Amino acid sequence: MSIMTEAEAKAILDKVIALSQADECTATLTGSVEGNIRFALNNVSTSGVVSNIDLGVQVAFGRRVGTASINEFSDAALERVVRRAEDLARLAPENPEFMPAVERQTYRPTETFSQATADITPEQRAEVARASIEPCKAQNLIAAGFLQDGQSFFASANSNGNFGYQRSTEADYTCTVRTEDGRGSGWVAKNVQDIRSFNASDDIQIAMRKASASAEAQALEPGKYTVILEPAAAAGLISFMFNFFAARPADEGRSFLSKAGGGNKIGEQVFDPRVNFYSDPADPNVPALPWDGDGLPRERISWVEDGKIANLIYGRYWAQRQGKTPTAGPGNIIMTGGTKSTSDLVRETERGILVSRTWYIRMVDPQTVLLTGLTRDGTFYIENGELRYPLKNFRFNESPVIMLNNIDELGRPVRVGDGQTMMIPPMRLRDFTFTSLSDAV
């Protein structure tokens, strides 16, 4: 029962809506089956399958809202969860920013489901672990990694007649490879919707090469350097920046997109003219559900065009208050780029630093999106188009806004899973700020 058909889900949601005595009711069913395998010190440590299904109910009496959830679906249980939500709503204070449930919407299905991913077996997971561990053993390297795969469904209905149902799949793989003495470290990650596009035997070679090559790291004085950020390294910074693409904090003066004197920077040049971001739930590389958390239909929308802010996210309350059309929250972030790989960018770099991965990223200043974090798992000095030697890791203090104004060249975008599914290119940047060294590998 963890994956319901559309008919099964709709039957339960229709019962819930009919049971409600509130002014309005929204009911949501989510279910998933998730498999995993974990390995460390070149041995499998855990594996398993977790399945779950939940029903959430939200009701409103005027502006008083109550929510409740349950994971059993008998008629008595359904009535119990509806009454609990209604009791809580009667006790709740009025919400001054309450927005009623959306009216009936039209959704265009997107290709978020892969049968091959849904059908992954324990034997296939074990093969991923074997393909990661055995090459490392053969070269006296140590692998630790995790594969998690899953299929899920999402269904929602409300008392205004709106209904949506869709299934999704996803698989995430990460592996860290260390030298036996712990002085070298390499890392690789892959996020896919269709497991057929993933081959652990190929990807593990990346982590192995970086682990072996990074063992004799040398110190380089902190400062401003030309850097090449691999897509995974850039994604962590860019995802932070997109937390500030809501119109409300910009209009209220709390964002890097706030205009001096009031308002926001829609239409203004904020980035290098080569910077373009958009979202598209139907993109074949990073498909997303065709609606957001409020039930608004997602469409292709540009956020940045030729370095200018094209749109911001207007939630329903703020859109009503500002006299704007509501904007569905994005299900993916896509950045355009060129055709070159990371290796191509390295070959064309006279001097610089290759950053494989950024982590432990934290906010320093939200109004400039100044971030601090660390490099790890393979940082290398580039000279005359070659990786000359490994470097000790750095702490950086950098804003993605400044970073995207210091572009030398953008490469070919690839899919990255970093909390939100993204397509991000490798990028060569000028004057990236490293503030101190880190002895961690």
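Each remark here, short or long, concerns the structure printed above.
Residues numbered from 1 in each chain as written. Predicted model: local features only at pLDDT ≥ 70, side-chain atom pairs only at ≥ 80, totals over all residues. Heavy atoms only, no water.

(A) Representation of the packing of aromatic side chains in the model. The full count for this structure, using the stated rule, is 14 aromatic pairs. A centroid spacing of 4.3 Å and a plane angle of 15° characterise the contact between phenylalanine 242 and phenylalanine 245, whose relative ring orientation is stacked. Of the two residues, phenylalanine 242 and phenylalanine 245, neither departs from the other in class, the shared state being buried. A ring pair is formed by phenylalanine 242 and phenylalanine 277, whose centres lie 5.0 Å apart and whose planes are at 75°; its orientation type is edge-to-face. A residue pair is termed long-range when its members are at least 10 positions apart, and phenylalanine 242 in the loop between α6 (231-241) and α7 (247-251) and phenylalanine 277 in strand β8 (residues 277-279) qualify at 35 residues. Taken individually, phenylalanine 242 and phenylalanine 277 each receive the classification buried, so the pair is uniform in this respect. One aromatic cluster is present, formed by Tyr225, Phe394, Phe396, Phe432 and Phe434 through successive ring pairs. The side chain of lysine 10 reaches across the aromatic face of phenylalanine 163, ending 5.6 Å from its centre. Between arginine 357 and the ring centre of tryptophan 187, over which it is positioned, the NZ or CZ distance is 4.1 Å. (Phe/Tyr/Trp six-rings, centres within 6.5 Å; stacked < 30°, edge-to-face > 60°. Buried < 20%, exposed > 50% of the residue type's maximum accessible area, 1.4 Å probe, protein only. Helix = DSSP H or I, 4+ residues; strand = E, 2+ residues; numbered from the N terminus. Lys NZ or Arg CZ within 6 Å of the ring centre and 35° of its normal.)

(B) Looking closely at the layout of surface pockets. As a volume, the largest pocket reaches approximately 1,300 Å³. Lining the largest pocket are 49 residues; nearest its centre among them are Ala189, Ile206, Glu230, Pro231 and Ala232. Elements with a minimum of two residues in the lining of the largest pocket: β5 (163-179), β6 (185-192), α5 (200-213), α6, α9 (342-347), β13 (358-365), β16 (386-390) and β19 (414-418). It is β6 that provides the largest number of residues to the lining of the largest pocket, a total of six residues. Of the residues assigned to the lining of the largest pocket, the class counts are 23 nonpolar, 13 polar and 13 charged. (1 Å grid on protein atoms, 1.4 Å probe; cavity = no way out; pocket = protein on both sides within 12 Å on 5 of 7 lines; lining within 4 Å. Points joined across faces, edges and corners; volume = space filled by probe spheres on them. Nonpolar A, V, L, I, M, F, W, Y, C, P; charged D, E, K, R; others polar.)

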